[in-house]
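Examination of the molecular architecture
The lines below spell out each chain.
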Amino acid sequence: MNSNFKICVIGMGYVGMSLSLALAEKDYNVTCFDVNKEKIVKLKKGSMYIYEEGFEKSLKKNHNKLTFVEELPKSDFYFICVNTPSLKNGKCDTSRIKDCINNIINISKTATIIIKSTCEIGTCRKMQKMVNKLNANNTVIFSPEFLAQGSAYENSINPDRIVLGGENQKALSILQKIFSAFTQNIYAMDWESAETVKYASNALLATKVSAINEIANLCEKTGANILEVSKAVGEDKRIGKSFLKAGCGFGGSCFEKDLKALMSIAEIHNIDMKVFNATLQANNHQRLTVVEKLKRRLKSLCGKTIAVLGLAFKKGTNDARESVALYVVNELINNRANLKLYDPQACESFKYEFKTKFDKTINENCFYPKIQDAIKNIDACIVLTDWDEIVNLKLKDKNVIIIDGRNCLKYIENSIKVGM
Ligand code: UDX
């Protein structure tokens, strides 16, 4: 493949970083740009600010193929990987994508622009119109990102599929060639279909989690065991084994945001998305079931010392965006419990997200760098993330009530689980 192409990746978050590393791994030279100069300075020095398996190693290995820059350079291909946060009305904010495109046009009126950021259905067509109105010849392509945090690097190197949306056949076929380095499973389609694939994928995954959580809640009442149930249900190839882990609910920056965005698009078209609305409602309820379980045992949480183990929205990431822990900790504070919080990676993100969401600051003394200190002298313990050190935890004190929100504890027998 023509590695003389000039490729620029805009936005050094999970998506942009994974893409840059994956392209470098396949021998492409990539110029990486981010408006946040601090990030670029760190990356130039070879230091990674995101905790993701494989990132640091790949950065070291491929540093001669990656150039980190503070000014947007001239390129043939620009991959836009900026964030598109939720607006108050549930729609996603695509203003950063628009800004990127305007900046690109000022540098090149012919480069191909590939949007990787999740964006509302109809965005890419609008962006292409905007380009055309500015008398530029840039082609806009949409290529959604399906990576999951915690396995971002692996997902980028070995994607299940690549989706390309657009109208310009020449650009689509060049991109097909570039991405064939990763998989032969490439689907080219129109913009709207590609934009919908992204939302539909996340909506269905989130729904699968909410559905199994509901079955788990029923199992608790009927005496069934959700682990046995999930295993056998997942053997049906039509259903599939993944995303059937019942627990304390889903978190992360994508599921809730994308479900809300999908529903807001549906509303414009007078479609009432009953299933996906229920997916969200069920998750809002599920997040707090661990606290309900504790209340049933302790009656009042006031003055009780409770350890919360796992603040990241899932293991393998230092990201606490929309993590279940945010809602659980807030509920514990509202019930005037004393907190001991532990996470091996996500404390800083948790503090930031908690302050942003609830406008409250948690006392620094509540955070424990060592798990063994977090579980000393406590009345109860709630597990919310299945980090290895949490999974392998051993507790001597038999009087401590343990709520295992991820059904993950290997060596603690008397814990209260979800769906059992
Ligand atoms: C998700 C999509 O999987 C990914 O394709 C998309 O690009 C971004 O959103 P991510 O948010 O990184 O990825 O994590 P994911 O692995 O999907 O998990 C989301 C949440 O669901 C986590 O809180 C996880 O703990 C929870 N989950 C997942 C369950 O509770 N049970 C499961 O069986 C699977």
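See the structure printed just above.
Here the structure is a predicted model, which means the values were calculated and not measured.

Analysis parameters
- Residues numbered from 1 in each chain as written.
- Predicted model: local features only at pLDDT ≥ 70, side-chain atom pairs only at ≥ 80, totals over all residues.
- Heavy atoms only, no water.
- Helix = DSSP H or I, 4+ residues; strand = E, 2+ residues; numbered from the N terminus.
- Rg over C-alpha atoms; globule rule 2.2 N^0.38 Å.
- Contact = heavy atoms within 4.5 Å.
- Areas by Shrake-Rupley, 256 points an atom, 1.4 Å probe, with all protein chains shown as cover.
- Lys, Arg positive; Asp, Glu negative; His and termini not counted.
- Charge placed at Lys NZ, Arg CZ, Asp CG, Glu CD.
- Buried < 20%, exposed > 50% of the residue type's maximum accessible area, 1.4 Å probe, protein only.
- Right-handed = clockwise from strand over helix to strand, strands pointing away.
- Phe/Tyr/Trp six-rings, centres within 6.5 Å; stacked < 30°, edge-to-face > 60°.
- Lys NZ or Arg CZ within 6 Å of the ring centre and 35° of its normal.
- Near = heavy atom within 4 Å.
- Polar contact = N/O pair within 3.5 Å; in protein donor to acceptor, adjacent residues only side chain to side chain.
- Pairing = 2+ DSSP bridges.
- Axes fitted to C-alpha atoms, helices over the stretch in contact; angles between N-to-C directions.
- Parallel < 35°, antiparallel > 145°, perpendicular 65-115°, else oblique.
- Left-handed = near helix turned anticlockwise from the far one by under 90°.
- Nonpolar A, V, L, I, M, F, W, Y, C, P; charged D, E, K, R; others polar.
- Core = buried A, V, L, I, M, F, W, Y, C linked by side-chain atoms within 4.5 Å.
- Salt bridge = Lys/Arg side-chain N within 4 Å of Asp/Glu carboxyl O.

Time to look at the overall build of the protein. Across its full length, the protein holds 16 helices and 13 strands. Against the globule reference of 22 Å for 420 residues, the protein gives a C-alpha radius of gyration of 23 Å, in line with a compact fold. The principal-axis extents of the C-alpha atoms in the protein amount to approximately 70 × 50 × 40 Å. Within the protein, contacts between residues separated by at least 24 positions form 72% of all contacts whose residues are at least 6 apart in sequence. As displayed, the protein has an accessible area near 20,100 Å², and 50% of this comes from carbon and sulfur atoms. Computed over 60 positive and 46 negative side-chain charges, the inter-centroid distance for the protein is 0 Å.

Where burial is concerned, the two faces of strand 7 (residues 162–165) agree: the one with Ile162 and Leu164 and the one with Val163 and Gly165 are both buried. The β-α-β motif built from strand 7, the intervening helix 7 (residues 169–179) and the parallel element strand 8 (residues 186–189) has right-handed crossover chirality.

In this section: the environment of Ile80. Within the element layout of this structure, Ile80 appears in strand 4 (residues 77–80). Note on Ile80: relative accessible area 0%, which makes it buried. Apart from the residues within four sequence positions on either side, Ile80 is in contact with Ile10, Ile97, Cys100, Ile101, Ile104, Ile113, Ile114, Ile115, Lys116 and Ser117.

As a further point, take the environment of Ala224. By the element assignment, Ala224 lies in the loop between helix 8 (191–222) and helix 9 (226–234). Taking the relative accessible area as the measure of exposure, Ala224 reaches 26% and is therefore partly exposed. Filtering out sequence-adjacent residues up to four positions away, Ala224 remains in contact with Cys219, Gly419 and Met420.

This part covers the packing of aromatic side chains. The description of an aromatic ring pair uses the distance of the two centres, along with the angle that the planes make with each other. Tallied over the full model, the rule gives 10 aromatic pairs. Ring centres of Phe5 and Phe77 lie 5.0 Å apart, and the angle between their planes is 75°; on these two criteria the pair is classed as edge-to-face. Of this pair, Phe5 sits in the segment before strand 1 (7–10) while Phe77 is found in strand 4, placing the two residues 72 residues apart along the sequence. Relative accessible area serves as the criterion here: at 17%, Phe5 is assigned to the buried category. Consider the rings of Phe79 and Phe179, whose centres lie 6.1 Å apart with planes at 90°: the pair is edge-to-face. Highlighted residues: Phe79 in strand 4 and Phe179 in helix 7, separated in sequence by 100 residues. Across this residue pair, the class does not change: Phe79 and Phe179 are buried. What links up through ring pairs into an aromatic cluster is the set Tyr327, Phe350, Phe354, Phe358 and Phe367. When the ring centre of Phe146 is taken as reference, the NZ or CZ atom of Arg161 above it lies at 3.6 Å. Positioned above the aromatic ring of Tyr327, the side-chain terminus of Arg287 is 3.6 Å from the ring centre.

What follows covers the site of the ligand. Taken together, 20 residues lie near the ligand, and Phe146, Leu147, Gln149, Lys245 and Lys314 sit nearest. At a separation of 2.8 Å, an oxygen atom of the ligand approaches a polar backbone atom of Lys245. Protein chains shield 89% of the accessible area of the ligand, which is 660 Å² for the free molecule. Tallying contributions element by element places helix 8 first for the shell around the ligand, with 4 residues.

To continue, consider the pairing of strand 11 (residues 380–383). Neither face of strand 11 is left uncovered, since the one carrying Ala380 and Ile382 and the one carrying Cys381 and Val383 both have all their residues buried. Where strand 9 (residues 305–309) and strand 11 come together, 4 bridges link them in parallel fashion. In the sheet register, Val308 faces strand 11, and the bridge partner there is Ile382. In this sheet, strand 12 (residues 401–404) lies alongside strand 11 in parallel orientation, the contact comprising 4 bridges. Residue pairing across strands places Val383 opposite Asp404, the latter belonging to strand 12.

A word on the packing of helix 8 against helix 10 (residues 255–268). Packing of helix 8 against helix 10 brings their axes to within 9 Å, and their N-to-C directions diverge by 120°. If you check the angle between helix 8 and helix 10, you find them oblique. Seen along the crossing, helix 8 lies across helix 10 with a hand that is left-handed. For the pair formed by helix 8 and helix 10, the contact residues are Lys198, Tyr199, Asn202, Ala203, Leu205 and Ala206 on the first element and Phe255, Asp258, Leu259, Ala261, Leu262 and Ile265 on the second. Residue composition of the contact of helix 8 with helix 10, grouped by class: 9 nonpolar, 1 polar and 2 charged.

The biggest cluster of nonpolar side chains holds 40 residues, and the ones touching the most others in it are Met17, Leu23, Phe68, Phe79, Leu175 and Phe179. Tallying contributions element by element places helix 1 (residues 14–25) first for this core, with 7 residues. Dropping the residues within four chain positions of it, Phe79 is found in contact with Ile7, Cys8, Val9, Ile10, Leu19, Leu23, Ile114, Lys116, Leu175 and Phe179. Counting 32 residues, the second largest nonpolar core, distinct from the first, contains Val290, Val308, Val324 and Tyr327.

Once that is clear, we can look at the side chain of Ser201. Within the fold, Ser201 resides in helix 8. For Ser201, a relative accessible area of 16% gives the class buried. Not counting the four nearest positions on each side in its chain, Ser201 is found in contact with Phe146 and Arg161.

Moving on, we come to the pattern of salt bridges. Under the counting rule described, the total for this entry stands at 25 salt bridges. Linking Glu167 and Arg125 is a salt bridge whose minimum nitrogen-to-oxygen distance equals 3.3 Å. Placement of the pair is Glu167 in the loop between strand 7 and helix 7 and Arg125 in helix 5 (residues 123–133), with a sequence separation of 42 residues. Glu235 is the salt-bridge partner of Lys241, the closest N and O atoms lying 3.5 Å from each other. Where salt bridges share partners, they join Glu256, Lys260, Arg287, Glu322 and Lys357 into one cluster.

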